[in-house]
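# Per-entry structural report
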Amino acid sequence: LGLACAGLYGFAGTAGHWAAQFVLAVFYFHNFAILHECGHGAVHRSGTVNAVIGHYASLFCFMPYYSWKFIHHE
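Attention here is on the structure that accompanies the text. (Residues numbered from 1 in each chain as written. Predicted model: local features only at pLDDT ≥ 70, side-chain atom pairs only at ≥ 80, totals over all residues. Heavy atoms only, no water.)

## Considerations on the overall build of the protein chain
The criterion, for reference: Strands here mean DSSP runs of E at least two residues long; helices mean DSSP runs of H or I at least four residues long; both are numbered from the N terminus. Only protein chains enter the accessibility calculation, which uses a 1.4 Å probe. A residue is then buried if its area is under 20% of the maximum for its type, exposed if over 50%, and partly exposed in between. Throughout, a residue-residue contact means that at least one pair of heavy atoms, one from each residue, lies within 4.5 Å.
Check the secondary structure of the protein chain and you find 4 helices and 0 strands. Starting at the N terminus, the α and β elements of the protein chain follow one another as α-α-α-α. Scored against the burial criterion, the 74 residues of the protein chain give a buried share of 24%. For the protein chain, long-range pairs separated by at least 24 residues make up 41% of all intrachain contacts whose partners lie at least 6 apart in sequence.

Following this line, the structure appears as structure tokens:
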């Protein structure tokens, strides 16, 4: 969440804009990596914990967790 706030705060000036774009890209990639690992059950040994963390990460990826998990496993 800190990366998202830093990315959204840094939209002042041209250099700040490009730095903010980079920070937001790292933020979205980081959340997608967490979503991916939760989909494979690799974040925690409990399926419930994986689902909760996966749902949280999916909010920032703009995709639903369970449908992505189903399609990815196909």
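So, next bit.
## Re the environment of His-55
Residue position: His-55 is located in helix H3 (residues 47-61). What makes His-55 partly exposed here is its relative accessible area of 33%. With near-sequence residues (within four places) excluded, His-55 lies in contact with Tyr-65 and Tyr-66.

## So, the environment of His-72
Along the chain, the position of His-72 falls in helix H4 (residues 65-73). Judged by relative accessible area, His-72 falls into the partly exposed class, the value being 34%. C-alpha separation for the pair His-72 and Gly-39, spaced 33 residues apart in sequence, amounts to 8.2 Å. With sequence-adjacent residues up to four places away left out, His-72 is seen in contact with His-36 and His-40.

## Looking at the nonpolar core
Applicable threshold: Residues enter a nonpolar core if they are buried and are Ala, Val, Leu, Ile, Met, Phe, Trp, Tyr or Cys, with the set joined through side-chain atoms within 4.5 Å.
Judged by nonpolar contacts, Leu-35, Cys-38, Ala-51, Ala-57, Cys-61, Tyr-65 and Trp-68 together constitute the single largest core of 7 residues. Of all elements in the fold, only helix H2 (13-39), H3 and H4 reach the threshold of two or more residues within this core. If one sorts the elements of this core by residue count, H3 sits on top with 3 residues. Those residues in contact with Cys-38 that lie beyond four places of it in its chain are Val-43, Asn-50, Ile-53, Gly-54 and Tyr-65.

## Regarding the side chain of Ser-58
Looking at the secondary structure, you find Ser-58 in helix H3. For Ser-58, a relative accessible area of 5% translates into the label buried. Discounting residues that sit within four places of it in the chain, Ser-58 has contacts with Leu-35, Met-63, Pro-64 and Tyr-65.

## Quick word on a nonpolar patch on the surface
Counted only if it meets this: Within this analysis, patches are made of residues with over 30% relative accessible area and no salt bridge. Like charges are joined at 9 Å or less; nonpolar side chains (Val, Leu, Ile, Met, Phe, Trp, Tyr) at 5 Å or less. In this description, accessible areas are obtained by the Shrake-Rupley approach with a 1.4 Å probe, and a residue is regarded as covered only by the protein chains that are shown. By definition here, a salt bridge exists when the distance from a side-chain nitrogen of Lys or Arg to a carboxyl oxygen of Asp or Glu is within 4 Å.
A cluster of nonpolar side chains, namely Leu-1, Tyr-56 and Leu-59, defines an oily patch on the protein surface of about 340 Å² accessible area. By the secondary structure assignment, Leu-1 is in the segment before helix H1 (2-9).

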